[in-house]
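So the chains spell out like this:
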Amino acid sequence: MRRIKLDQIQEGTMLAKTIMTLEGKILLSSGVTLNAEHIKRLQTNGITEIYIEDEISKDIHVPDFIRDEITTEAKLLVKKMMTNTSIRTSIDGRKVMEIVDKILESILANGDIIANLSDIRSVDDYTFSHSVNVCIYSLVIGIGLEYSSDRLRELGVGSLLHDIGKVRIPQSILKKPGKLTPDEFDEIKRHAYYGYEILKNTNGLNMTAAYIALEHHERIDGSGYPYQLKKNSIHKAAKIVAVSDVYDALTSNRVYRKKMAPHEVIDYITSRALHYFDPDIVDTFIRYVAYYPVGAAVILNNGEKGLVSKYNKHVPTCPVVRVVTGENGKMLSKHKEIDLSENPKYWIVKVWDI
Ligand SMILES: [Fe+2]
């Protein structure tokens with residue numbers, strides 16, 4: 001299977017991964033042959049990319065890093081907490097911990113922990129998917145840093161709720177389509193403090209969650225907010241969430257910006273490791289996140305195009321590539337697989353957007 005933009009889809013293509021709504025209902029099941037009505041339904045639901053199975057992507061398996069029903073349950077829980085308009089936000093600490101435990105179990109069930117989140121999300125449910133993804137990436141980093149199960153759980157809870165303070169920001173500012181005024185931007189920034197206030201007063205939650213909400217926008221050179229904290233004065237868990245937060249935000253489509261490819265975001269984060277982020281955390285993160293996700297389309301240095309068909313755990317920048325078009329741009333009658341880690345003559349020059 002491979003990932004493809006919805007506007008490139010032709011009728012008659014087979015859907016390879018089930019698409020769920022935020023409410024946990026099936027929008028379209030895998031195996032369906034897409035017709036015009038299906039494609040329209042996906043568009044109306046704000047879906048911009050899907051996984052398909054076709055001749056060139058046959059037998060390429062994109063693993064589910066986290067089981068769909070768990071991410072759906074987590075998104076719904078976050079949605080419930082973040083759309084609670086009552087002044088006192090009610091957070092059920094026990095429920096949050098239960099879902100964090102499920103996410104953790106699901107991550108650990110992967111033999112090799114290489115985070116490749118193959119979720120298909122609609123642009124409308126960004127905030128909720130984002131919270132869940134930040135939780136997943138933060139836990140992956142925590143596992144990489146050999147955190148104890150108690151510390152992982154604290155990290156998981158805080159990362160899932162890192163933006164909970166946004167519940168106190170008016171929707172008119174959060175959803176404003178145009179540019180924010182400096183005052184509005186200041187108000188958005190206050191979500192960090194609001195989150196701290198909410199979480200420190202929530203029964204059953206450790207203070208780590210409150211510090212994550214408060215400090216996840218701090219940067220180690222003091223250029224962050226709200227307190228311009230530096231290096232070791234920032235809570236370690238908040239420094240982990242800072243990396244996951246930026247990674248997930250930049251790899252997602254937003255109304256005002258197109259998403260970047262995972263390898264571009266990894267390069268972005270690595271190049272700022274000394275200024276913004278904790279270098280040890282960045283090091284751990286890049287060991288466990290997919291540089292070129294399986295199913296991504298790539299162009300090699302000789303002009304051939306193909307699909308990433310397998311990871312190389314030890315050399316993330318050199319996956320196995322299934323070449324499908326030759327140097328002349330013509331489809332090959334028979335695909336060939338090149339393991340880039342064993343063929344130094346070839347390397348990826350670009351992710352081919354299809
Ligand atoms: Fe935030």
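So, here's what we can say about the structure. Within each chain, residue numbers correspond to sequence positions counted from 1 in written order. Thresholds applied to this predicted model are a pLDDT of at least 70 for local features of residues and 80 or more for the giving and counting of side-chain atom pairs; totals over whole chains, interfaces and linings are not thresholded and use all residues.

## A look at the packing of helix H10 (residues 236-250) against helix H11 (residues 262-271)
The angle between two axes is taken between their N-to-C directions and runs from 0 to 180 degrees, where each axis is a line fitted to C-alpha atoms and a helix contributes only its stretch in contact. Helix and strand labels come from DSSP, where a helix needs a run of H or I of at least four residues and a strand needs a run of E of at least two; each type is numbered from the N terminus. Across the interface, H10 lies against H11 with an axial gap of 9 Å and an inter-helix angle of 145°. Considering the relative orientation of H10 and H11, their crossing is right-handed. Residues Val243, Val246, Tyr247 and Leu250 of H10 touch H11, and the partners they reach there are Val265, Tyr268 and Ile269. Amino acids are sorted into nonpolar (Ala, Val, Leu, Ile, Met, Phe, Trp, Tyr, Cys and Pro), charged (Asp, Glu, Lys and Arg) and polar (every other residue, Gly among them). Grouping the constituent residues of the contact of H10 with H11 by class yields seven nonpolar, no polar and no charged. Helix crossings are classified by the rotation of the near helix relative to the far one: an anticlockwise turn of less than a right angle makes the crossing left-handed, while a clockwise turn makes it right-handed. Residues are defined as contacting one another if the C-beta atoms placed from their backbone atoms lie within 7 Å.

## Concerning the pairing of strand S8 (residues 320-325)
Whether two strands pair depends on DSSP finding at least two bridges between them. Bridging between strand S7 (residues 305-310) and S8 involves five bridges; their strand directions are antiparallel. Pairing of Lys305 across the sheet is with Thr325, part of S8. Where S8 meets strand S9 (residues 331-339), five bridges bridge the pair, whose relative direction is antiparallel. Following the sheet pairing, Val320 is matched in S9 by Asp339.

## Some details on the sheet that holds strand S6 (residues 297-300)
Pairing between the strands of a sheet comes from backbone hydrogen bonds, and it takes one of two forms, parallel or antiparallel. With antiparallel pairing, five strands are arranged side by side in an open sheet as S9-S8-S7-S6-S10. Only two strands of the sheet have a single partner each, and these edge strands are S9 and strand S10 (348-351). Direction aside, the axes of adjacent strands within the sheet are offset by 35° on average. Relative to S10, S6 runs antiparallel, the two being bridged by three bridges. Bridged to Val298 within S10 is Val351.

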